[in-house]
Amino acid sequence: MHKEKLSVVKIGGNIIEDENALCAFLKLFSNLEGKKILVHGGGKRATHMASKLGIESKMVNGRRITDAETLEVITMVYGGLVNKNVVAKLQALNTNAIGLTGADVNSIKSVKRPVKEVDFGFVGDVESVSYPSIDKLIQADFTPVFCAITHDGHGQLLNTNADTIASQVAVGMSHLYETSIYYCFELNGVLRDINDKNSVEKHIDSKLYKELLEQGIIADGMLPKLENCFDALQHGVKTINMGNTNMLTQENDNFTRITL
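Quick caveat, the model's predicted, so the values are computed rather than measured.

A. Just the overall build of the chain, in detail. Assigned secondary structure in the chain consists of 8 helices and 14 strands. Its C-alpha radius of gyration of 18 Å places the chain within 12% of the 18 Å reference for a compact globule of 260 residues. Projecting the C-alpha coordinates of the chain onto the three principal axes gives extents of approximately 45 × 45 × 35 Å. By the burial criterion, 49% of the 260 residues in the chain qualify as buried. Pairs at least 24 apart in sequence give 69% of the contacts found in the chain among residues at least 6 apart. Summed over all atoms, the accessible surface of the chain reaches about 12,700 Å², with 50% contributed by carbon and sulfur. Considering the chain, the positive charge centre built from 27 side chains and the negative charge centre built from 31 side chains are found 3 Å apart.

B. A look at the pattern of salt bridges. Inspection of every chain in the model, using the stated rule, returns 11 salt bridges. The residue Glu178 makes a salt bridge to Lys5 at a minimum N-O spacing of 4.0 Å. Of the two residues, Glu178 is situated in strand 11 (residues 178-184) and Lys5 in strand 1 (residues 5-11); the sequence distance between them amounts to 173 residues. In this structure, Arg113 engages Asp125 in a salt bridge whose closest nitrogen and oxygen atoms are separated by 2.8 Å. Separated by 12 residues along the polypeptide, Arg113 in the loop between strand 6 (108-112) and strand 7 (124-129) and Asp125 in strand 7 bring together distant segments of the chain. Relative accessible area serves as the criterion here: at 19%, Arg113 is assigned to the buried category. Salt bridges linked by common partners bring Lys10, Asp163 and Lys225 together as one network.

C. A look at the pairing of strand 13 (residues 239-243). Strand 13 sits mainly inside the fold: 5 of its 5 residues count as buried. Residues of strand 13 alternate between two faces, with Thr239, Asn241 and Gly243 on one and Ile240 and Met242 on the opposite face, all of them buried. Of the strand pairs in this sheet, strand 11 and strand 13 are connected by 5 bridges, and their pairing is parallel. Looking at strand 13, one finds that Ile181 is bridged to Ile240.

D. Quick peek at the state of the cysteines. Scanning all chains against the criterion turns up 0 disulfides. Here Cys184 stays free of any disulfide, with the sulfur of Cys229 as its closest cysteine sulfur at 13 Å.

E. The side chain of His40, seen in detail. Of note, His40 is situated in strand 2 (residues 35-40). For His40, a relative accessible area of 0% translates into the label buried.

Quick notes on the rules
- Residues numbered from 1 in each chain as written.
- Predicted model: local features only at pLDDT ≥ 70, side-chain atom pairs only at ≥ 80, totals over all residues.
- Heavy atoms only, no water.
- Helix = DSSP H or I, 4+ residues; strand = E, 2+ residues; numbered from the N terminus.
- Rg over C-alpha atoms; globule rule 2.2 N^0.38 Å.
- Buried < 20%, exposed > 50% of the residue type's maximum accessible area, 1.4 Å probe, protein only.
- Contact = heavy atoms within 4.5 Å.
- Areas by Shrake-Rupley, 256 points an atom, 1.4 Å probe, with all protein chains shown as cover.
- Lys, Arg positive; Asp, Glu negative; His and termini not counted.
- Charge placed at Lys NZ, Arg CZ, Asp CG, Glu CD.
- Salt bridge = Lys/Arg side-chain N within 4 Å of Asp/Glu carboxyl O.
- Pairing = 2+ DSSP bridges.
- Disulfide = S-S within 2.5 Å.

Here's what the structure looks like:
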């Protein structure tokens with residue numbers, strides 16, 4: 001049986017921060033054909049809002065420590081300010097969006113990250129995705145827009161990595177659809193040379209991935225991103241695309257496509 005296609009698109013905080021970039025991206029997203037889901041973070045906006053409220057943002061290895069005060073700010077910023085602005089802009093583009101956290105329709109349940117070397121506080125690791133619930137929204141012709149917040153099923157909201165939400169939602173939805181993920185960020189894709197923004201590796205499969213790892217070309221921030229990608233591909237996602245927002249147009253092929 002041929003499965004219908006579904007695109008899961010994740011946008012980074014830099015796009016959210018830049019009004020023009022955000023509007024341009026949302027236009028591309030609304031023109032994307034077929035069924036789709038949007039996932040967004042908003043870390044920079046949360047840091048800015050926290051400092052206005054006199055709350056210091058603590059980071060360890062690029063990840064935010066989320067104490068109770070910070071969780072309140074994140075809930076306001078991700079679930080309110082950013083999410084509702086995105087939804088309103090999509091409505092203006094005739095995309096009937098619905099803004100969600102993982103608590104809505106019990107869509108994404110997480111477990112609070114156990115304390116090892118670092119206590120990350122109210123940070124969640126995704127445990128399950130209720131893909132039938134999400135699909136009810138899609139079948140009703142709504143476009144889900146998830147912010148980076150999940151819940152534990154016992155009334156606690158949890159700050160959750162948006163890249164992980166995108167990949168886990170795509171894995172869940174792959175029970176019903178042929179799913180592709182689009183990770184939109186500033187670069188044109190995975191670069192062979194970090195100083196040459198045009199050195200895009202256009203197709204990475206498991207074999208090339210191992211070679212790039214051995215050569216040290218994939219390192220630092222790209223490591224967890226690509227580990228996440230191959231995990232998703234092994235669990236049912238068909239293709240993963242990484243690059244700037246122009247990869248959502250049919251004309252552009254200057255981005256990285258990742259397959260098994």
